[in-house]
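The chain contents come next:
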Amino acid sequence: QFYLSWLNCIRPIRAAGLPFHYPKLCDTPEHLYCLDGFDLALAAIELEATVTNDFELNSPERIIVVTGPNQGGKTSFARAFGQIHYLASLGLCVPGRESALYLFEAIYTHFGREEDLSTLNGKLQDDLVRLHALLKKATSHSLVIVNEILASTTLADALSLGKRMMDAFAALGAPGVVVTFLDELALHGP
């Protein structure tokens, strides 16, 4: 019943011409890719505005760094990366034309949220506490998705902290996506 419901759910999206397929699942993140993937949540509400994207990670690459202007689709790409992997882990067909995806143990995300005044932490401290907790739980068999953190500090501090974050991700070895306003992070590390 679950799988039939899934096929019913995606029927209008398929009918509009957006592709779905069954991905190849990989035990290691040596070569991961997706052709014409898209954000399923966005396609469900704005079918005509849906844009497809490709990604490819070849060893030693592990992290896709996405930068660009506001409203350019960075967060939608990060969500799509997580969605595609999660749906594949359930044995479902996934958005896109073709892919090789990582068979992960857990997905860890860090998306922005409103400041919690009850903790008496500032936005930066909250980001760092949550990032630290994510890094303590994640392993090389995880997926990591981080969306626009460090925006509440100076550019110099954000670069310094961002480079330390990228070093921690490189040491972890887990594949993932980092959405950032810091173009310099795209060239940091292997």
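Procedures and definitions
Residues numbered from 1 in each chain as written. Predicted model: local features only at pLDDT ≥ 70, side-chain atom pairs only at ≥ 80, totals over all residues. Heavy atoms only, no water. Pairing = 2+ DSSP bridges. Helix = DSSP H or I, 4+ residues; strand = E, 2+ residues; numbered from the N terminus. Axes fitted to C-alpha atoms, helices over the stretch in contact; angles between N-to-C directions. Parallel < 35°, antiparallel > 145°, perpendicular 65-115°, else oblique. Contact = heavy atoms within 4.5 Å. Nonpolar A, V, L, I, M, F, W, Y, C, P; charged D, E, K, R; others polar. Salt bridge = Lys/Arg side-chain N within 4 Å of Asp/Glu carboxyl O. Buried < 20%, exposed > 50% of the residue type's maximum accessible area, 1.4 Å probe, protein only.

**Q** Kindly report on the sheet that holds strand S9 (residues 142–147), identifying the contributing residues and their values.
**A** Across a sheet, paired strands are connected by hydrogen bonds in the backbone, their directions being either parallel or antiparallel. A sheet is described by the order of its strands in space; here four strands give the open sequence S5-S10-S9-S8, paired in parallel fashion. Taken across any chain shown, the strands that pair with only one partner, and hence form the sheet edges, are strand S5 (63–66) and strand S8 (106–111). Direction aside, the axes of adjacent strands within the sheet are offset by 15° on average. Sheet topology note: the S5/strand S10 (residues 176–179) ladder contains four bridges and is parallel. In the strand pairing of S10, isoleucine 63 is matched with glycine 176.

**Q** Explain the packing of helix H4 (residues 123–137) against helix H5 (residues 155–172) to me, using residue names and the numbers behind them.
**A** To characterise two packed helices, one gives the angle between the axes of the helices and the distance between these axes. The interhelical angle for the contact between H4 and H5, taken along N-to-C directions, is 10°, at an axis separation of 12 Å. Of the possible angle classes, the one that applies to H4 and H5 is roughly parallel. Every residue of H5 that contacts H4 at Leu124, Leu128, Leu131, Leu134 and Leu135 is listed here: Leu161, Met165, Ala168, Phe169 and Leu172. Residue composition of the contact of H4 with H5, grouped by class: ten nonpolar, no polar and no charged.

**Q** Tell me about the pattern of salt bridges, residues and numbers included.
**A** Enumeration over the complete set of coordinates arrives at four salt bridges. Between glutamate 30 and arginine 62 there is a salt bridge; the shortest N-O distance is 3.2 Å. Highlighted residues: glutamate 30 in the loop between strand S2 (24–26) and strand S3 (31–37) and arginine 62 in the loop between strand S4 (53–58) and S5, separated in sequence by 32 residues. Residue classification places arginine 62 among the buried residues on the basis of a relative accessible area of 16%.

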